[in-house]
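Summary of structural features
Letter by letter, the chains look like this.
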Amino acid sequence: MDMRFSVVTIFPDMIEAFKKFGVVAQAIAEGIIEVNVYNLRDFTTDKHRVVDDYPFGGGPGMVMKAEPFFRFYDFYLKEFGKPYVVLTSPQGRIFDNEKAMELSQKKDVVIFCGRYEGIDERVMDIVDEEISIGDYVLTGGELAAMVIVDATSRFVPGVVDEESVKRESFMKDLLDHPVYTRPRNVRGKSVPEVLLSGDHERIEVWRRKESMKKTILKRPDLFLKKESFDRIDKLSIIELFRELIKSAQ
Ligand SMILES: C[S@@+](CC[C@H](N)C(=O)[O-])C[C@H]1O[C@@H](n2cnc3c(N)ncnc32)[C@H](O)[C@@H]1O
């Protein structure tokens, strides 16, 4: 096992369902990643397994109690040693590809899912980092945890084909190129001829050119971040200019 994720939640079934599908399920079956799910209620001590209480100072909603999280943490330290603890929170740093890549180096990541009005602030003592999946407020951290596990596990070697990880959107600060599959003609639209040419360099240059076009049009901010231009990048810029000049003639 190369990477262990442990998700702490009051809705374990949400994460258990996520574990059953697609690439994540396959990576678990192959023993490359582990996705453990812990029910926070198992770390309570009262008969009713209560995980929330009223906020001190008043106000709406409930707050998740600190003690079950601390009890979970003590258990985890004994069982596996010190993990990297992520708290899902709209107040955290926005999750992106870079963060996913960085987390994939941690090997042992615990993710706390909040609910209600959030988690008692004292839990921050055992949190290494707060992560948000976007500037909106979810009703709970489970969707965020799934996003984090999904995107991070793609960077664990062996989970997906390494060539496709390198090619995908955001790598090299470019969006991915368009893709096509059989048949060659669909409703009068045919596949770009170059993809049928068998000429690997031409195909590579065409794909990079299309990536550049998409990025410049859809995400100019991303393109502005691009600092290095390799040979294929340069050839594709030449192609792009040729295409523009031709279409203007
Ligand atoms: C209703 S929210 C609490 C929001 C909190 N009162 C605030 O405004 O910061 C409940 C839980 O959902 C999760 N959550 C909500 N929005 C999120 C986001 N954008 N990214 C990651 N987790 C989020 C967090 O775990 C949070 O504790």
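Residues numbered from 1 in each chain as written. Predicted model: local features only at pLDDT ≥ 70, side-chain atom pairs only at ≥ 80, totals over all residues. Heavy atoms only, no water.

Looking only at helices and strands, the protein has 9 helices and 9 strands in total. Taken against the 2.2 N^0.38 rule, which gives 18 Å for 249 residues, the C-alpha radius of gyration of the protein at 23 Å runs more than 25% over that of a compact globule. Taken over the C-alpha atoms alone, the protein extends approximately 75 × 40 × 40 Å along its principal axes. In the protein, once contacts between residues fewer than 6 apart in sequence are set aside, the share between residues at least 24 apart is 74%. In the form shown here, the protein has an accessible surface area of approximately 14800 Å², with 54% of it arising from carbon and sulfur atoms. (Helix = DSSP H or I, 4+ residues; strand = E, 2+ residues; numbered from the N terminus. Rg over C-alpha atoms; globule rule 2.2 N^0.38 Å. Contact = heavy atoms within 4.5 Å. Areas by Shrake-Rupley, 256 points an atom, 1.4 Å probe, with all protein chains shown as cover.)

A word on the site of the ligand. The immediate surroundings of the ligand are formed by 20 residues, with Thr-88, Gln-91, Gly-114, Tyr-136 and Leu-138 found nearest. A distance of 2.9 Å is found between an oxygen atom of the ligand and a side-chain nitrogen or oxygen belonging to Gln-91. The separation between an oxygen atom of the ligand and a polar main-chain atom of Gly-140 is 3.5 Å. In isolation the ligand exposes 580 Å². Once the protein is present, 84% of that is buried. When each cavity is represented as a set of grid points, the ligand is found to reside in the largest pocket. Looking at the shell around the ligand element by element, the count peaks at 4 residues for strand 5 (residues 84-94). The residue makeup of the shell around the ligand, split by class, is 8 nonpolar, 10 polar and 2 charged. (Near = heavy atom within 4 Å. Polar contact = N/O pair within 3.5 Å; in protein donor to acceptor, adjacent residues only side chain to side chain. 1 Å grid on protein atoms, 1.4 Å probe; cavity = no way out; pocket = protein on both sides within 12 Å on 5 of 7 lines; lining within 4 Å. Sits in = over half its atoms within 2 Å of the grid points. Nonpolar A, V, L, I, M, F, W, Y, C, P; charged D, E, K, R; others polar.)

Here we come to a nonpolar patch on the surface. A surface patch of nonpolar side chains, about 270 Å² in accessible area, is lined by Tyr-136, Leu-138 and Leu-143. Assignment of secondary structure puts Leu-143 in helix 5 (residues 142-153). (Patch = residues over 30% accessible without salt bridge, like charges linked within 9 Å, V, L, I, M, F, W, Y side chains within 5 Å. Salt bridge = Lys/Arg side-chain N within 4 Å of Asp/Glu carboxyl O.)

On to the domain arrangement of the protein, then. Examined at the domain level, the protein breaks down into domain 1 (3-160) and domain 2 (171-248). One C-alpha centre belongs to domain 1, the other to domain 2; they are set 38 Å apart. (Domains from an automatic or database assignment.)

For the rest of this paragraph, the subject is the environment of Arg-4. Within the fold, Arg-4 resides in strand 1 (residues 3-9). Among the residues examined, Arg-4 registers a relative accessible area of 13% and is labelled buried. The spacing of Arg-4 and Val-110 is 106 residues in sequence and 8.3 Å in space, taken between C-alpha atoms. Setting aside its immediate chain neighbours within four residues, Arg-4 contacts Glu-34, Asn-36, Tyr-76, Phe-80, Lys-107, Asp-108 and Val-109. (Buried < 20%, exposed > 50% of the residue type's maximum accessible area, 1.4 Å probe, protein only.)

As a further point, take the sheet that holds strand 5. The strands that make up a sheet pair up through hydrogen bonds in the backbone, lying either parallel or antiparallel. What the 5 strands build is an open sheet, ordered 2-1-6-5-7; its pairing is parallel. Looking at strand neighbours, the two that pair on one side only are strand 2 (33-39) and strand 7 (129-132), the edges of this open sheet. If you compare each strand with its neighbour and ignore which way they point, the axes differ by 30° on average. Relative to strand 6 (residues 108-112), strand 5 runs parallel, the two sharing 4 bridges. Pairing of Val-85 across the sheet is with Val-110, part of strand 6. Across the sheet, helix 5 lies against strand 1, strand 2, strand 5, strand 6 and strand 7, angled at about 175° from strand 1, the strand it touches most. (Pairing = 2+ DSSP bridges. Axes fitted to C-alpha atoms, helices over the stretch in contact; angles between N-to-C directions.)

Within strand 2, 6 of the 7 residues are buried, which leaves it mostly tucked inside the rest of the structure. Bridge count for strand 1 against strand 2 is 7 bridges, and the pairing is parallel. Bridge pairing in strand 2 places Ser-6 opposite Asn-36.

Volume-wise, the largest pocket comes out at about 580 Å³. Thr-88, Ser-89, Pro-90, Glu-117 and Gly-118 are, among the 28 residues lining the largest pocket, the residues nearest its centre. Among the secondary structure elements, those contributing two or more residues to the lining of the largest pocket are strand 5 and strand 7. Of all the elements, strand 5 adds the most residues to the lining of the largest pocket, at 5 residues. Residue composition of the lining of the largest pocket, by class: 13 nonpolar, 10 polar and 5 charged. Size it by volume and the second largest pocket reaches roughly 410 Å³. (Points joined across faces, edges and corners; volume = space filled by probe spheres on them.)

Next up on the list: the nonpolar core. Ile-33, Val-86, Leu-103 and Val-109 are the most contacted members of the largest nonpolar core, which has 30 residues in total. Elements with a contribution of two residues or more to this core: strand 1, helix 1 (12-18), helix 2 (22-29), strand 2, strand 5, helix 4 (97-103), strand 6 and helix 5. Counting residues per element, this core draws most heavily on helix 5, at 4 residues. Once you skip the residues sitting within four places of it in the chain, Val-86 turns out to touch Leu-103, Val-109, Val-110, Ile-111, Phe-112, Glu-129, Ile-131 and Ile-148. (Core = buried A, V, L, I, M, F, W, Y, C linked by side-chain atoms within 4.5 Å.)

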